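Working through the structure, step by step
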Amino acid sequence: MKKLLSIFAVVAFAFSAHAGTLDDVKNRGFLKCGVTTGLAGFAAPDDSGEWAGLDADMCRAVAVAVFGDRSKVEFITTTGKSRFPTLASGEVDMLARNTTWTISRDVNLGFEFVGVNFYDGQGFMVPSALGVSSATELDGATVCIQTGTTTELNLADFFRLNGISYEALPIETNDEGKENLFAGRCDVYTTDASGLSSTRAAASNPDKWKVLPEIISKEPLGPLVRHGDHQWGDVVRWSLNAMIIAEELGVTSENVDAQMSSNVPEVLRLLGVEGNYGEMLELSNDWAYQIIKQIGNYSESYEANVGPDTPLEIARGLNALWTQGGILYAPPFR
Amino acid sequence: MNEMNEVRKPPVATTGIIGWLRINLFFNWTNSLITLFVIYCLYHFIPWILDWTIFSADFKYNFLGEQITNQEMCSRNLDPENGGACWAVIYVRFYQFIYGFYPKVEVWRVNVAYVMLALALLPLLYANLPYRKYFLYFTYIFPVIAYFLLNGGFGFAEVSTNKWGGLLVTLVLGCTGIALAFPIGIMLALGRRSKLPVISMMCTLFIEFIRGVPLITLLFFGMVMLPLFLPEGIDMDGLVRVLVAVTLFQSAYMAEVIRGGLQAIPPGQYEAAKSLGMSYWRMNLLIILPQAIRISIPPIVNTSIGLFKDTTLVIIVGILDLLGIGRGTLADTNWLGLSYEIYFFVSLVFFIFTFGMSRYSLYLEKKLKTGINMGAD
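In this convention, every chain numbers its residues from 1, walking through the sequence in written order. Written order determines the labels here, with chains lettered from A and ligands numbered from 1. Side-chain atom pairs in this predicted model are given and counted only at pLDDT of 80 or more, local residue features only at pLDDT of at least 70, and totals for whole chains, interfaces and linings cover all residues.

**Observations concerning the overall build of chain B**
Along chain B, the regular secondary structure elements total 16 helices and 0 strands. Taken over C-alpha atoms, the radius of gyration comes to 27 Å for chain B, far larger than the 21 Å a tight globule of 377 residues would show. By its C-alpha atoms, chain B is 95 × 80 × 45 Å across when sized along the principal axes. Put simply, a residue is buried when 20 or more other C-beta atoms lie within 10 Å of its own C-beta and exposed when 12 or fewer do; between those, it is partly exposed, and each C-beta is set from the backbone. Counting every position in chain B, which comprises 377 residues, the buried fraction comes to 32%. Contact between residues is assigned whenever the C-beta positions, reconstructed from backbone atoms, fall within 7 Å. Excluding contacts between residues fewer than 6 apart, the proportion of contacts in chain B whose partners are at least 24 apart in sequence is 66%. Helix numbering and strand numbering both begin at the N terminus, where a helix is a DSSP run of H or I of at least 4 residues and a strand a DSSP run of E of at least 2. Just to be clear, the radius of gyration here is over C-alpha atoms, and the globule rule we use is 2.2 Å times residues to the power 0.38.

Here is the structure:
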């Protein structure tokens, strides 16, 4: 028994003294990325069984940065409850699972949010026939609201601040909210704006429904990694930043080869023509070039998955670049 | 005189269709009212459901003759006036529903496993099967073959369980849970009734603990807590963890079901077996258990059906079973809003399996005549 225990202890020690996540990933030959079990526009399996969406692209971008190959990623499905333990126990290398960046998750749970790949926020959806153009006109409305969530508290705050009243119709799930709104049992449905968009897209006649312009809460969604492994955190952070910077510099998957001979110094640094930024990250020097070539820049990923041309029809809004009225901003590539 | 010998027929009102109707549907006025009400409901419901599921439905092409590749092309979304169900989503996603994300080049292995499962079940289902003995040998080694076939090894490329999904996961969970829980449940039931206090207490504790917590809690424990206890780097497969949780859960219930059967065996049977000089195991194997299990068939099938449906809970720990694949499909922007079709399909598949199980248990009950008096008097 004693012998067995000591063997166990040695094995445990051998595994706990392991190298960084980046080396683990490289040795394993593929990235393990935690995603949702299916959320429209963010991560869902397509008809051929490939995961697609904004978060899935984030995972693929990191796989491309490490391996130069967008297929070297294994998607692990996680739910709202299982996502954090799955990351903490090392079953996945990173999470890209539309997770809101909050202080308690960042600090107390021992994770590190490396950036924001989608700025979401709580919004309102009403029937177009209601003739309302702003949430401040919703005095006396019946609101479908998920109980026990932060959305409930945000709603109460918003109506109190604006001095208007509402009647709450408590619901449990998103599906229930959808059915109640479509059946006319409530005038307004409130949840995260991206959720409203997918609810609207699921309607038989989406034009009958309208998402109001007010966003009443901050829900910055971003990829996260385990605390303490800064080298790996840097790889994920700069994979996201590379996509944002590429959009800023006008580098797309189509013109990236032509841009290799650009005369803009930052483009040359980004694509690895100049400097040795890949080496600093312990990646190959063309890592960012490969991300842009194989995944595209942020705008391309956004437009393909959630943008105005998709059924979700989410306008760029806050997610536009800082130069175009949004708050998307990446530190300089130098 | 001849006329007197002729057998008189029973009144028309008590035989044939009319008699059957009278006795079963119009026996008295409450009975007649209920019958009429049900007929009225069916009259409205059946044409509508047939129209929605079959006559107005799209299967592969919409009413314009185009092949449907997303929800906007469904007839019911193009023209809300005439559309029925849009089964094209099932057609396009059929592979995922049946195999999950299993690689296409390796999928023959799953098909072989499905066929072998049917072969392995044959000798269990039909006692009169020719060469049943040899089929049974195959049944015993089937789990091992299936493991290597599905997971890889022995020259097969490895397919990580993360790629499994859909019906494959549902069947693996259901079959393994039911098959493993049966022997474990028998041991637990015998253990709980044991006269050795340590064994009896341990079995009772185990059963009461497992029965006292919901399946979801066990799944969470397996999925979330277990990896935190294991040293880092030692990776226990997610599906295995869920399988362990499901099997533990099912064995506790199975143990109680079988204990119910054991309680019903009259003490005379034990005494008779002992007086013949039989050991504990011989007595149980040859005399007690065959009778106890025979009278427990209905509850055994009951808990098995329950487990089969409960396997859908694994979505909560991030494993995409049949229902999970359905939900994943609903999250694809191409197929948003087709929830009726997808949930209908998933429930149909579940119904086929559970109905088959319940029919089979009826057949078994008839064959083994479980209702007979067991010699209690």
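**Considering helix H7 (residues 132-151) of chain B**
Residue and element names in this part refer to chain B. If you check H7, its first and last C-alpha atoms are 28 Å apart, about what 20 residues at 1.5 Å a residue would give, namely 28 Å. The angle between axes fitted to the seven residues ending at a residue and the seven residues starting there is what we call the bend at that residue. The largest bend in H7 is about 45 degrees, located at Ile141, with the proline Pro143 one to four residues further on. Remark: Gly152 follows H7 within two positions and exhibits a positive phi of approximately 110 degrees. Given a helix with a known number of residues, its expected span is that number minus one, times 1.5 Å.

**Thoughts on the pairing of strand E13 (residues 219-226) of chain A**
Residue and element names in this part refer to chain A. The element E13 is largely enclosed, with a buried count of 7 among its 8 residues. At least two bridges found by DSSP between two strands are what make those strands a pair. In the sheet, strand E7 (residues 118-120) pairs with E13 via 3 bridges, with the strands oriented antiparallel. Paired with Asp120 across the strands is Glu219, a residue of E13.

**Points about the interface of chain A and chain B**
You'll often see interface size given as the accessible area lost when the parts meet. At the junction of the two partners, chain A supplies 33 residues and chain B supplies 29 residues. Breaking the side of chain A that touches chain B down by element, the ones donating at least two residues are helix H1 (2-16), strand E2 (44-45), strand E4 (73-77) and helix H8 (193-201) of chain A. The element that contributes the greatest number of residues to the side of chain A that touches chain B is H1(A), accounting for 4 residues. In terms of residue class, the side of chain A that touches chain B is made up of 14 nonpolar, 15 polar and 4 charged. Only Asp, Glu, Lys and Arg are considered charged, only Ala, Val, Leu, Ile, Met, Phe, Trp, Tyr, Cys and Pro nonpolar, and every remaining residue, Gly among them, polar.

**As for the nonpolar core**
Residue and element names in this part refer to chain A. Defined on buried residues, the nonpolar core groups Ala, Val, Leu, Ile, Met, Phe, Trp, Tyr and Cys residues joined through C-beta atoms within 7 Å. One finds Cys33, Cys59, Val62, Val235 and Ile291 to be the most contacted residues of the largest nonpolar core, which totals 146 residues. In this structure, Ile291 is in contact with Ala61, Val64, Ala65, Ser239, Ala242 and Met243, ignoring residues within four places of it in sequence. Membership of the second largest hydrophobic core comes to 21 residues, among which are Met125, Leu181, Cys186 and Leu212.

**Quick look at the packing of helix H11 (residues 238-264) of chain B against helix H13 (residues 280-295) of chain B**
Residues and elements named next belong to chain B. Between the N-to-C directions of two axes lies an angle of 0 to 180 degrees, each axis being a line fitted to C-alpha atoms and, for a helix, fitted only over the stretch in contact. With their axes 8 Å apart at the nearest point, H11 and H13 run at an angle of 115 degrees to one another. Of the two elements, H11 crosses H13, and the hand of that crossing is right-handed. Taking contact as the criterion, the partners of Ile258, Gly261, Leu262 and Ala264 in H11 are, on H13, Ile288, Ala292, Ile293 and Ile295. Looking at the contact of H11 with H13, its residues break down into 7 nonpolar, 1 polar and no charged. Put simply, a crossing is left-handed when the front helix is turned counterclockwise from the back one by less than a right angle, and right-handed when it is turned clockwise.

**Topic: the packing of helix H3 (residues 54-67) of chain A against helix H13 (residues 287-294) of chain A**
Residues and elements named next belong to chain A. As a packed pair, H3 and H13 sit with axes 8 Å apart at the nearest point and diverge in direction by 140 degrees. Taken together, the axes of H3 and H13 are oblique relative to one another. Crossing hand, H3 versus H13: right-handed. The residues of H13 that touch H3, namely those facing Ala61, Val64 and Ala65, are Trp287, Gln290, Ile291 and Gln294. Per-class residue counts for the contact of H3 with H13 are 5 nonpolar, 2 polar and no charged. Working definition: roughly parallel below 35 degrees, roughly antiparallel above 145 degrees, roughly perpendicular at 65 to 115 degrees, and oblique for all remaining angles.

**Concerning the domain arrangement of chain B**
Throughout, the edges of the domains are those of an automatic or database domain assignment. In terms of domains, chain B is made up of domain 1 (11-78) and domain 2 (88-102 + 159-368). The interface of domain 1 of chain B with domain 2 of chain B comprises 7 residues on the first partner and 7 residues on the second.

**Some thoughts on the domain arrangement of chain A**
Annotation of chain A at the domain level lists domain 1 (19-119 + 220-324) and domain 2 (122-217). Look at where the C-alpha atoms of domain 1 of chain A and domain 2 of chain A centre, and you get two points 31 Å apart.

**A few points about helix H16 (residues 339-368) of chain B**
Residue and element names in this part refer to chain B. Helix length check: H16, at 30 residues, gives a terminal C-alpha distance of 43 Å against a target of 44 Å (1.5 Å per residue), a fit within 8%. Taken together, the buried positions of H16 are Glu341, Ile342, Phe345 and Val346. Considering only its buried residues, H16 is in contact with helix H5 (88-99) and helix H15 (322-330). Positive backbone phi, at 50 degrees, marks Lys369, one or two positions downstream of H16.

**Thoughts on the confidence of the model for chain B**
All names here are of chain B. The quantity called pLDDT is the predictor's confidence in a given residue, expressed from 0 to 100. On average, residues of chain B score 87 in pLDDT, and 95% of them reach the 70 mark or higher. Here helix H1 (residues 2-5) stands out as the element of chain B with the lowest mean pLDDT, 60, in contrast to helix H9 (residues 197-212), whose mean of 94 is the highest. Reported for the predicted complex are a pTM of 0.85 and an ipTM of 0.81.

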